[in-house]
Amino acid sequence: MKPLVFIILFCGLSFGGIRGNAQTSQAVLGDTLASDFEYLVEMLESTHPDPYTGFGGKFFFRKAAFELENRLRSTPHSMQEFYDQVSVFLSNIRDGHTWLSSPAPSGEQMQRMLPLRLKVIPDGLIVNGLPKTYRHLLGSRVLSIQGDSLQAVVTRASRLRACENLYGSYTLVCNQILHEKFLHQLFPGQKDSLCLTLLSPDNRTEQVTLPLESAEKAYADITAFVSTSMQLPKKQLEYRYIDKEKQVMYINIDMIYGRDNFEFMYNNGWGGMEQLDNYYRNLGMKMPADTLEAIRNLASFSETFAEMLTEMKDNRSATLIIDLRGNSGGWTPITLPTLYQLYGPRCITVERGKFYQLISPLLLQKQNTDLAHFNRDRKANWKMGDYTLAVEDTTASVPTIEQLCRDNIYMTSVPHLLAAQNGKPLYTPRHVFVVTDCNTFSAAFHYTFYLWKLGATVVGVPSRQAPNTFMEQTMFKLPLTGLQGSISNSLQIFLPGNDRRAKTFYPDWMPSYEDYKKYDFDSNAEILFLLEKLKKEF
């Protein structure tokens, strides 16, 4: 049997960032910024499993850090300039979980924007929203920007912010090129507009120049949008049948969060209750003042899943569609009970991949423990700075579901429901599909991968996260500027290094541009594509 992974994977869900207090345009003394950057470098070297390789080795990491520290010290910089330069430095690590937060305070006037929306598809970027004058260009492919090929632009973008693969670069351009500050980083000297060369759905090449406008005007000017012909569940953990025969169940999962992980955090003194407040805001609900009441009022991830599978079992439903598009993560352990509900004990023994943590002060602080207790709980004798490498125990018995729940490896608010399965799946549909896009990230990506390993079919757009990459958010705060951020504290290896999916996890079924065109670039084209293919192949 494979050794148990005694780690809690809290991964990458962004609720809009943590804001700094200083004005982004106000100059800050060079010594202040250099001191904070020096602290960040120390945290990287003590916490990150490998900050060096992306730079070409330890010497080149130190050389790049030395040069940036000297530039920062030599002259005052604004907080925005500090953030931009540090982000360029961190981009070399190619790690979506290691970042510095934006310094822009919430009360600052929003920067100018382009009246444009883009979407990542498997073979590039298409136009998803723009002024009504250009309605005929909805669904057009982006060929070039400011005269540079799309490939050249995404390569340049990946040197400004961390990207783990091509789809990370596409996502970065898709989301950030709309904003003035990033646009000026990509195209220094560019002033008040952006020129795109597009290939329209009827194969005509057309150039469009869009102005930078106030955010309010840009939002108002985007009057031509790609819409949808489908009425799917939209709320977190909302599910229902999408066919009259009750054979196709659909569940929408926006975030890998639920009552389960917040109970764990509260009971183990992990703090971080601001995540609870943010979760309530993302649900569109007002959080009760009493923390325990707020936690109790939330739906349990695994309890909701059990209710859905029970309904499917009663109707002998053949197909389950799990929609993880736009899901940027949360807590991986709360997904594991649902694997047991779907597949039974088989999910305990299947090889899901390996995680190796680097033991550091930040890691122990995050887990509200010390080295002695960390070692005691894992029956190990590691030192600070060690990786959690261990000899595989081939004689260990397969743990029971009760043990896994008790140890919070399978994290659930309803362990009795899993025990009541008596070692059998609650219900296994004939077909399980997982729908992904470029923003299916972190814990949501883990969920995708684990379901795939157990036999699910993945449909949609590749994730911006690599299967073999760095993992886990470990928060830090710069002592002088107060900016916060995250450093990965573990390395995950999901696939052999020479596997074609090791850095880009290509779905089993990927719609082509012609497929999107066939469905009029519907915002749920991936679901329409799946349903048609399902009818043809099964």
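These numbers were taken from a predicted model, which means no experiment stands behind them.

Analysis parameters
Residues numbered from 1 in each chain as written. Predicted model: local features only at pLDDT ≥ 70, side-chain atom pairs only at ≥ 80, totals over all residues. Heavy atoms only, no water. Helix = DSSP H or I, 4+ residues; strand = E, 2+ residues; numbered from the N terminus. Polar contact = N/O pair within 3.5 Å; in protein donor to acceptor, adjacent residues only side chain to side chain. Pairing = 2+ DSSP bridges. Axes fitted to C-alpha atoms, helices over the stretch in contact; angles between N-to-C directions. UniProt positions renumbered as here; feature names shortened; annotations may be inferred. Parallel < 35°, antiparallel > 145°, perpendicular 65-115°, else oblique. Left-handed = near helix turned anticlockwise from the far one by under 90°. Contact = heavy atoms within 4.5 Å. Nonpolar A, V, L, I, M, F, W, Y, C, P; charged D, E, K, R; others polar. Core = buried A, V, L, I, M, F, W, Y, C linked by side-chain atoms within 4.5 Å. Buried < 20%, exposed > 50% of the residue type's maximum accessible area, 1.4 Å probe, protein only.

**Points about the side chain of Q492**
For step 1, the next point in the chain: Relative to the helices and strands, Q492 resides in strand 22 (residues 490-493).
For step 2, the next point in the chain: At 2.8 Å, the side chain of Q492 forms a polar contact with the backbone oxygen of P467.

**Description of the sheet that holds strand 17 (residues 431-436)**
For step 1, the next point in the chain: Taken in spatial order, the 5 strands make up an open sheet running 12-13-14-17-18, and their pairing is mixed. Every interior strand has two partners, whereas the edge strands, strand 12 (238-241) and strand 18 (457-460), have only one. On average, each strand axis in the sheet is inclined to that of its neighbour by 20 degrees, with strand direction left out of account.

**Looking at the sheet that holds strand 20 (residues 474-477)**
For step 1, the next point in the chain: Pairing is antiparallel in the open sheet, where 3 strands are placed in the order 4-21-20. Every other strand in the sheet has two partners, leaving strand 4 (99-100) and strand 20 as the edge strands with one partner each.
For step 2, the next point in the chain: In terms of strand pairing, strand 20 meets strand 21 (residues 484-487) through 4 bridges, oriented antiparallel. Across the sheet, the residue bridging to K477 is Q484, located in strand 21.

**Thoughts on the UniProt feature "domain: Tail specific protease" (unreviewed entry) in the protein chain**
For step 1, the next point in the chain: Within the UniProt annotation, "domain: Tail specific protease" (unreviewed entry) is assigned to residues 300-462.
For step 2, the next point in the chain: Annotated as residues 300-462, this span is 39% helix and 13% strand, and its ends, taken at the C-alpha atoms, are 28 Å apart.

**A short note on the packing of helix 12 (residues 336-343) against helix 18 (residues 443-453)**
For step 1, the next point in the chain: It is the contact of helix 12 with helix 18, at a shortest axis distance of 11 Å, that shows an interaxial angle of 20 degrees. It follows that helix 12 is roughly parallel to helix 18 by the angle criterion. In this structure, helix 12 crosses over helix 18, and the sense of that crossing is right-handed. From helix 12, L336, T338, L339, L342 and Y343 reach across to helix 18, where they touch Y447, Y450 and L451.
For step 2, the next point in the chain: Counted by class, the contact of helix 12 with helix 18 contains 7 nonpolar, 1 polar and no charged residues.

**As for the nonpolar core**
For step 1, the next point in the chain: Judged by nonpolar contacts, the single largest core of 62 residues is most densely connected at L320, I322, Y410 and Y447.
For step 2, the next point in the chain: Among all residues touching L320, those that are not within four sequence positions of it are M249, I251, F305, M308, L309, M312, L342, P429, H431, V432 and F433.
For step 3, the next point in the chain: V127, L160, V173 and V248 belong to the second-largest nonpolar core, a separate cluster that totals 58 residues.

**Looking at the packing of helix 1 (residues 30-47) against helix 3 (residues 79-91)**
For step 1, the next point in the chain: The contact between helix 1 and helix 3 brings their axes to 12 Å, and the two run at 25 degrees. As the angle between them shows, helix 1 and helix 3 are arranged roughly parallel. You can see that helix 1 and helix 3 cross each other, and the crossing is right-handed. Contacts from L33, D36, F37, L40 and L44 of helix 1 reach helix 3 at F82, V86, F89 and L90.
For step 2, the next point in the chain: Of the residues belonging to the contact of helix 1 with helix 3, the class tally is 8 nonpolar, no polar and 1 charged.

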